[in-house]
Amino acid sequence: MASPESSGSSIRTGIAPSVPELPISDQYAICPLEDFGTLRFRGPDTHKFLQGQLSNDVARLSSGSILRAGLHNAQGRTLALLWLAARAGDDVLALLPLELVATVATQLRRYLLRAKLTLSDESAQTRIHGIWTRDRSTRPHEPWTLDAHRVLMIQAANDSAPQGEPMTREQWRGLDIAAGMPQVYAPTSAQFVAQMLNLDCIDAISFSKGCYTGQEVIARAHYRGRVKRRMQRFESLAPRRLSAGDAGRFEDGRSFRIVEAVQRADGCSEFLAVAPLPGVAREPEEGIASPNAQALRARALPLPYALPE
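Scope of this entry: the structure provided in the associated data block. (Residues numbered from 1 in each chain as written. Predicted model: local features only at pLDDT ≥ 70, side-chain atom pairs only at ≥ 80, totals over all residues. Heavy atoms only, no water.)

Time to look at the overall build of the chain. Scanning the chain from terminus to terminus reveals four helices and 15 strands. The burial tally for the chain puts 55% of its 309 residues in the buried class. Considering only intrachain contacts with a sequence separation of at least 6, the fraction spanning at least 24 residues in the chain is 72%. For the chain, the exposed area adds up to about 13900 Å²; of that, 49% sits on carbon and sulfur atoms. (Helix = DSSP H or I, 4+ residues; strand = E, 2+ residues; numbered from the N terminus. Buried < 20%, exposed > 50% of the residue type's maximum accessible area, 1.4 Å probe, protein only. Contact = heavy atoms within 4.5 Å. Areas by Shrake-Rupley, 256 points an atom, 1.4 Å probe, with all protein chains shown as cover.)

With that settled, consider the packing of aromatic side chains. Enumeration over the complete set of coordinates arrives at eight aromatic pairs. Relative to Phe250, the ring of Phe234 has its centre 4.7 Å away and its plane inclined at 40°; by these criteria the two rings are tilted. With Phe234 in strand 11 (residues 229–236) and Phe250 in the loop between strand 12 (247–249) and strand 13 (255–263), this pair connects stretches of sequence that are 16 residues apart. Like Phe234, the residue Phe250 is buried in the burial classification. (Phe/Tyr/Trp six-rings, centres within 6.5 Å; stacked < 30°, edge-to-face > 60°.)

Looking now at the pairing of strand 15 (residues 298–301). Where burial is concerned, the two faces of strand 15 agree: the one with Ala298 and Ala300 and the one with Arg299 and Leu301 are both buried. Pairing between strand 11 and strand 15: four bridges, direction antiparallel. Pairing of Arg233 across the sheet is with Leu301, part of strand 15. (Pairing = 2+ DSSP bridges.)

What follows deals with the sheet that holds strand 11. For sheets, the rule is that strands pair by backbone hydrogen bonds, running either parallel or antiparallel. Overall, antiparallel pairing links the five strands, which are arranged 12-13-14-11-15 in an open sheet. Of all the strands in the sheet, the pair left with one neighbour each is strand 12 and strand 15. Looking at each pair of strands side by side, their axes are set apart by 45° on average, direction ignored. Packed on one face of the sheet, helix 3 (residues 169–178) meets strand 11, strand 13 and strand 14 (269–276) and runs near 135° to strand 13. (Axes fitted to C-alpha atoms, helices over the stretch in contact; angles between N-to-C directions.)

With that out of the way, let us pick up the pairing of strand 7 (residues 126–133). Extensive coverage of strand 7 is indicated by the burial of seven of its eight residues. Bridge count between strand 1 (residues 28–32) and strand 7: five bridges; the pairing is antiparallel. Bridge pairing links Ile30 to Ile131 in strand 7. The sheet contact formed by strand 7 and strand 9 (residues 150–156) spans seven bridges and is antiparallel. Residue pairing across strands places Ile128 opposite Ile154, the latter belonging to strand 9.

Positive phi, normally seen in glycine, also occurs at Asn198, with a value near 60°. Unlike most non-glycine residues, Asp203 shows phi in positive territory, near 60°. One can find Asp203 in the loop between helix 3 and helix 4 (215–224).

In this section: the pattern of salt bridges. Two side chains bearing opposite charge may form a pair once their charged atoms approach each other closely. Under the definition given, this model contains 17 salt bridges. For Glu270, the salt bridge is made with Arg233, and the minimal N-O distance between the two is 2.6 Å. Of this pair, Glu270 sits in strand 14 while Arg233 sits in strand 11, and the two are 37 residues apart along the sequence. Each member of the pair, Glu270 as well as Arg233, carries the same accessibility label: buried. One salt bridge connects Asp252 with Arg254, and the closest N-O pair in it is separated by 2.9 Å. Note on Asp252: relative accessible area 34%, which makes it partly exposed. Of the residues examined, Arg254 reaches a relative accessible area of 2% and is grouped as buried. (Salt bridge = Lys/Arg side-chain N within 4 Å of Asp/Glu carboxyl O.)

Okay, structure coming up:
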């Protein structure tokens, strides 16, 4: 596999040419996130309950910004990655892939016990729109900040959709890949320890808060040793459609599992995948990919953040 370098075929927005170029007007582009659902937590124990279940410090929740947090099992593996949005009082929304909403709700209800809150699936009553802007001053009112150029609008299902130039889901996915932002879907749920998804690099873990499910394993990986397999960014050098959960091997023998992928117009894919870090002594990897599988020709692309040494 080629050494890391910037893709010479990237367009101005940093997305591979598979993804049509984003609008260049001074307004904004709208992407309906129809594959996302919503869990709602309401009640005086909402923050206390979430603090004991999720990897980030829920005390940092503030109106107008999204807080990323992982839900993990006892082995520290990520069951889901939630986007938390605080509303008035003890009212918090958790945004996540629709295919995981029921499973996550069932998992969390096991721990409700006598907690004074309600947990409801409000996916059918809620619409989520992703909004990309070149200029922050053009953002619509009351958005939820996701990153420097993207915000979310969370609306009731019967509200009028925001107006703007259309953006496809693949364009939005391409932005996630360029930003090194993971997502967890049904095929990858419980597959990766938190640090394998770089949750420590994207401000989705607090190492100073109290205990939560999986905290011991995640803290041990943080304080006692380097994580040898991490999410990295790549592009295939030959046409190949890839999807979350796909597994394979690179030409240098390293195995990988896809976290997120988008296919370009030339048939090649840009993707995020968990794989052994270059130059790190590898341990036997069971169940990732058959040693007889055809190797994927790919090269590494840079992430916008540094991985821990």
